[in-house]
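These are the residues of each chain, in order.
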Amino acid sequence: SVDESLNAGFEALQKNDADRAATAFRRALGIQPEHPAALYGAGAAAHLQGRDTDAMSFLKRALQNQPALWQASALLGAIAYQQGDLTFAIKTYESALALSPGAVQLRERLATWRSEATVQDSFRAVKDDRFTILFDGPANRVLAERATTVLREAFYRIGKTLGSYPSNSINVVLYTQRQF
C-alpha cells in the first residue's frame, strides 16, 4: 500500500539510507503517481543520492499538488541555494511562508538570504562557464580575466587530484578598493 511504502521510505530517510528510501517512494509513486508526500520523499532521497536535478523535479511536483507542503519548499529552496540560484531560493521560501506563516525555520533562513541578495546586488559581476567574479568596488575586466585564468588552472589541477569536479558555478569576490 501507499502508506506502508511511505512509512518505509521516511524510516529509511531517517537512517540516511537513500537507496532504500528511493525504492520505497518509487513503489508509492507507482501506486499513486502524484501523491505529495511520496513526491517529497522521492525528492529528499534523490537529494541524498546527489541527484539534485531529479530532486528538484520531484519537489516541484509535490508543491504543485500540495502548495502548503513547506518541508518540500524548504528542501527545494535549500537545493536552489546550494546551486547558486539565490533568487529562486528566495521565491520558493516566500511562497511557502505565504501558505505556512508559522514555519520559523523558513523565516529565519529567508532573512539571511535576503541580506545576502542585497549584498550581491551591490556587486558588479563577470561570469564565465565555471566562475562568477564579483567586484566589491569598481569592476576591472582585465583583473577578472586574469583571476579567471588562474582559478580555472587551479580548478582543474585540484579536481584532477581529488578525482572530482564541482558542477555548480563558484562565486569569487574581488575587493578592488580595500584589503580583504
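Placed above this text is the structure.
Residues numbered from 1 in each chain as written. Predicted model: local features only at pLDDT ≥ 70, side-chain atom pairs only at ≥ 80, totals over all residues. Heavy atoms only, no water.

Draft legend 1. Broad picture of the packing of helix H3 (residues 36-48) against helix H5 (residues 70-82). Contact geometry for H3 and H5: axes closest at 10 Å, N-to-C directions at 30°. When the axes of H3 and H5 are compared, the pair comes out roughly parallel. Considering only the axes of H3 and H5, their crossing is left-handed. Contacts from Tyr40, Gly43, Ala44 and His47 in H3 reach Gln71, Ala72, Leu75, Ile79 and Gln82 in H5. (Axes fitted to C-alpha atoms, helices over the stretch in contact; angles between N-to-C directions. Helix = DSSP H or I, 4+ residues; strand = E, 2+ residues; numbered from the N terminus. Parallel < 35°, antiparallel > 145°, perpendicular 65-115°, else oblique. Left-handed = near helix turned anticlockwise from the far one by under 90°. Contact = heavy atoms within 4.5 Å.)

Draft legend 2. Representation of the side chain of Asp52 in the model. Tracing the backbone through its elements, the reader meets Asp52 in helix H4 (residues 52-65). Buried charge Asp52 goes without a salt bridge, the closest partner of opposite sign being Arg51 at 8.7 Å. Setting aside residues no more than four positions away along its own chain, Asp52 makes contact with His47, Ile79, Gln82 and Gln83. (Buried < 20%, exposed > 50% of the residue type's maximum accessible area, 1.4 Å probe, protein only. Lys, Arg positive; Asp, Glu negative; His and termini not counted. Salt bridge = Lys/Arg side-chain N within 4 Å of Asp/Glu carboxyl O.)

Draft legend 3. Region of the structure containing unusual backbone geometry. The phi dihedral of Asn16 is positive, around 60°, even though this residue is not glycine. Take Asn16: it is sitting in the loop between helix H1 (2-14) and helix H2 (18-31). Of the residues examined, Asn16 reaches a relative accessible area of 59% and is grouped as exposed.

Draft legend 4. Here's a closer look at the pattern of salt bridges. For the coordinates displayed, the defined rule picks out four salt bridges. The closest approach of N and O atoms between Arg61 and Glu34, which form a salt bridge, is 3.0 Å. In this pair, Arg61 is assigned in helix H4 and Glu34 in the loop between H2 and H3, connecting sequence segments 27 residues apart. Looking at Glu34, the relative accessible area reads 39%, which means it is partly exposed. Note that Arg51 is salt-bridged to Asp54, the shortest N-O span being 2.4 Å. Owing to a relative accessible area of 34%, Asp54 belongs among the partly exposed residues under this scheme.

Function cannot be inferred from these measures alone, as they are strictly geometric.
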